[in-house]
Every structure is written in C-alpha cells, then in structure tokens.
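Chain residues, written in single-letter form:
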Protein chains: 2
Amino acid sequence: MGAGKHEEFSVKHNRISKYAKALAHPARVAILQFLSKKKSCMCGDIVEELPLSQSTVSQHLKELKEAGLIKGETEGVKVCYCINEKEWKAAQLCFNTLFNNYKETLENCCL
Amino acid sequence: MGAGKHEEFSVKHNRISKYAKALAHPARVAILQFLSKKKSCMCGDIVEELPLSQSTVSQHLKELKEAGLIKGETEGVKVCYCINEKEWKAAQLCFNTLFNNYKETLENCCL
DNA sequence: ATTATAAATCGCAATATTACGATATAAAAA
DNA sequence: TTTTTATATCGTAATATTGCGATTTATAAT
C-alpha cells in the first residue's frame, strides 16, 4: 500500500497535477523564474544562484525537463536551459482553466 | 540530510510552491473541480465521487484546507466544503504572475 | 595524451506523501 | 439512552522526494 493511484483519475486532472508537481518546490519555482527573466540559460549560473549543491540542482532541472516546462541544449561543456515556450503556455492554460471553472455564486452553501 | 530547505528561498517562491503542492495530486485537483462546479459541498458526496477511501479523501481535504484553497463548515453531522474564494483568486494570480514573467524573445539562446 | 571544467548519475540517508483499515468523535435519529 | 451516520484521526506500510558527496561522462584547453 501507499503511493499511487493516478490511473484512476482523468487525463486532465493528471495533467494539471503533473505541472503542479513541477512547481511544488521553491527551488524549481526559482529556477523557472530565473530562466523566465533570461538572466542566463547556463546551468552553472543556476547552480550559483541557488543555495543547493550542483547535484541537487541537476535533479531539479531534470524534473522540470521531464514535466516539459524546460528544455536543455548542450553547448560544448556547458548546458543551456530554457523555458519550453509551448508547454509553458499549455501549463498556464491548464491552471487558468481550472481556476476559472469556479464562478463565485451568492448561493454558496457555506459562507 | 534529506528533505527541507524551504527557508532558504523567497516568500514568493514558497507561496507558489505551497499552492502548487496542493494541486500536485489528481485527487485534489478532482476535489477542487468538483467544488468549483458546485455539484455539492458535502464531504460525503466528494468521497463517493473519488476512487479513494473515506480516510484518504479526508486527508486530501485537510491538505487543501491547510493550503487555504478550501474551507469547511460543519452542518450537523455533515461538513460542507467550499472553495475559499479569496485564496483561490490569490493563487490564480500567483501562478499567472509566474507564467507571465516569461516573455518570448527571439534572442533565445537555445532554440 | 593529460588535465581542467561542466553537468549528469549513482548510492545513500532523511523525510514526506499516499493510502487504508481501525478507531475515535460528535451530532442526529431512534 | 442507545444507535446510526458522517467525518476526523491514528497507526502503519509502501513509495516518493529531497539533498548531498562521490563518481562518471563528455567536451575543451593545455
């Protein structure tokens, strides 16, 4: 017993939770904001920016990549990470769809 | 060693990751959508809707409550759960602020 | 060829999450 | 008062996440 029952939920709900999971750690949010602001794409610069070891940052980058939110391109010894524009927009749409589903009604049962 | 270094990140990044964590499981997304659509506020109805045991659903509800996204009000034996409108909007704004931080530029280092 | 540099992966320990049955709690109905 | 009903909490097991040092991999520089 324990963790895992994702198959039992809709594709849509799994999709949102996948993106949310990627954002569910402040380090990953920090990475994404860093990349958004285009301070740099270089992996090394991200490592310097964060209070975490190189290996830990590398893992966070891997998770963001697996979630689709970023992509990495090798440039010689270094790696350049960037926001994956397409998925980025898709994720934003996902979240907004969820949030906009809620319409404030006065006949709310609990006030 | 292991998990936990949240203090080292900004309040802003922790805030986003807190909301994201709440959305990081399909069951919780499903609960939120159910409540958004106002099919019902009753806890029992949520339990019936999901492929999870009563105790598991109760835990998910607790997490959503702790994240601030919902609130529960006891009505006799039953409990009525609702979207917490104020935090709901705050969360949406949080996500959108993050997402809108990214401006697509042509001078993107990695294409 | 050797060395230096950047990043990924491995192995491990600490902690957190997920899930459930059993039990506790508390209000409503009998 | 006893019983029923609805929800929360506890205990526990399985699994996932977080984090780091050490190592590996791969390119660049010497």
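Residues numbered from 1 in each chain as written. Chains lettered and ligands numbered in written order. Predicted model: local features only at pLDDT ≥ 70, side-chain atom pairs only at ≥ 80, totals over all residues. Heavy atoms only, no water.

Under the annotation held in an unreviewed UniProt entry, chain A carries the name Transcriptional regulator, ArsR family and is attributed to Parafilimonas terrae.

Participant: Looking at this structure, how should I read the overall build of chain A?
Facilitator: Helices and strands together make up the secondary structure of chain A, namely 5 helices and 2 strands. For chain A, the α and β elements follow one another from N to C terminus as α-α-α-α-β-β-α. A principal-axis box enclosing the C-alpha atoms of chain A has dimensions of 60 × 40 × 25 Å. Within chain A, contacts between residues at least 6 apart in sequence are counted, and of these 49% link residues at least 24 apart. Just so you have it, chain A exposes about 5900 Å², and 53% of that area is on carbon and sulfur atoms. Side chains of chain A give 16 positive and 13 negative charges; the mean places of these two sets differ by 2 Å. (Helix = DSSP H or I, 4+ residues; strand = E, 2+ residues; numbered from the N terminus. Contact = heavy atoms within 4.5 Å. Areas by Shrake-Rupley, 256 points an atom, 1.4 Å probe, with all protein chains shown as cover. Lys, Arg positive; Asp, Glu negative; His and termini not counted. Charge placed at Lys NZ, Arg CZ, Asp CG, Glu CD.)

Participant: Would you mind showing me how to read the nonpolar core here?
Facilitator: Generally speaking, nonpolar side chains in soluble globular proteins are found buried as a group. Judged by nonpolar contacts, the single largest core of 67 residues is most densely connected at Phe95(A) and Phe95(B). Look past the residues within four positions of Phe95(A) in its chain and what remains in contact with it is Ile16(A), Tyr19(A), Ala20(A), Leu23(A), Leu23(B), Phe95(B) and Phe99(B). (Core = buried A, V, L, I, M, F, W, Y, C linked by side-chain atoms within 4.5 Å. Buried < 20%, exposed > 50% of the residue type's maximum accessible area, 1.4 Å probe, protein only.)

Participant: When you look at the pairing of strand β1 (residues 70-75) of chain B in this model, what are you seeing that I'm missing?
Facilitator: Across a regular strand the side chains alternate sides, sitting on one face of the sheet and then on the other. Looking at chain direction, β1(B) and strand β2 (residues 78-83) of chain B are connected through 6 bridges and run antiparallel. When the bridges of β2(B) are listed, Ile70(B) appears paired with Ile83(B). (Pairing = 2+ DSSP bridges.)

Participant: Looking at this structure, how should I read the relation of the copies chain B and chain A?
Facilitator: Both copies of the chain are placed relative to one another by a rotation about an axis and a shift along it. Structural alignment of chain B on chain A gives an RMSD of 0.0 Å, achieved by rotating through 180 degrees and translating 0.0 Å along the axis. Read as a symmetry element, the transformation amounts to a two-fold axis. Scanning chain B for the C-alpha nearest the rotation axis identifies Ala20(B), at a separation of 2.3 Å. Most of the interface of chain B is mirrored in chain A, where 100% of its interface residues again form contacts. (Least-squares fit on C-alpha atoms with pLDDT ≥ 70 in both.)

Participant: Got a minute to help me understand helix α1 (residues 11-22) of chain A in this structure?
Facilitator: Along an α-helix, residues three or four positions apart point the same way, because every turn accommodates 3.6 residues. Compared with an ideal rise of 1.5 Å per residue, which puts 12 residues at 16 Å, α1(A) spans 17 Å between its outermost C-alpha atoms and is within 8% of the ideal. Among the residues making up α1(A), those that are buried are His13(A), Asn14(A), Ile16(A), Ser17(A), Tyr19(A), Ala20(A) and Ala22(A). Buried residues along α1(A) sit in contact with α2 (26-36), α4 (54-67) and α5 (85-100) of chain A together with α1 (11-22) and α2 (26-36) of chain B. (Expected span 1.5 Å × (residues − 1).)

Participant: Can you help me understand the state of the cysteines in this one?
Facilitator: Within this structure, the stated rule accounts for 0 disulfides over all chains. Of all cysteine sulfurs, the one in Cys80(A) lies closest to Cys43(A), which takes part in no disulfide; the gap is 10 Å. (Disulfide = S-S within 2.5 Å.)

Participant: What exactly am I supposed to notice about the packing of α1(A) against α2(B) here?
Facilitator: Any two packed helices are characterised by how steeply their axes cross, that is the angle between the axes, and by the distance between the axes. Look at α1(A) against α2(B): their axes get within 8 Å of each other, and the N-to-C directions meet at 115 degrees. When the interaxial angle is binned, α1(A) and α2(B) end up roughly perpendicular. In this structure, α1(A) crosses over α2(B), and the sense of that crossing is right-handed. Between α1(A), through Lys12(A), His13(A), Asn14(A), Ile16(A) and Ser17(A), and α2(B), the contact on the second element is made entirely by Pro26(B), Val29(B), Ala30(B) and Gln33(B). The residue inventory of the contact of α1(A) with α2(B), partitioned by class, reads 4 nonpolar, 4 polar and 1 charged. (Axes fitted to C-alpha atoms, helices over the stretch in contact; angles between N-to-C directions. Parallel < 35°, antiparallel > 145°, perpendicular 65-115°, else oblique. Left-handed = near helix turned anticlockwise from the far one by under 90°. Nonpolar A, V, L, I, M, F, W, Y, C, P; charged D, E, K, R; others polar.)

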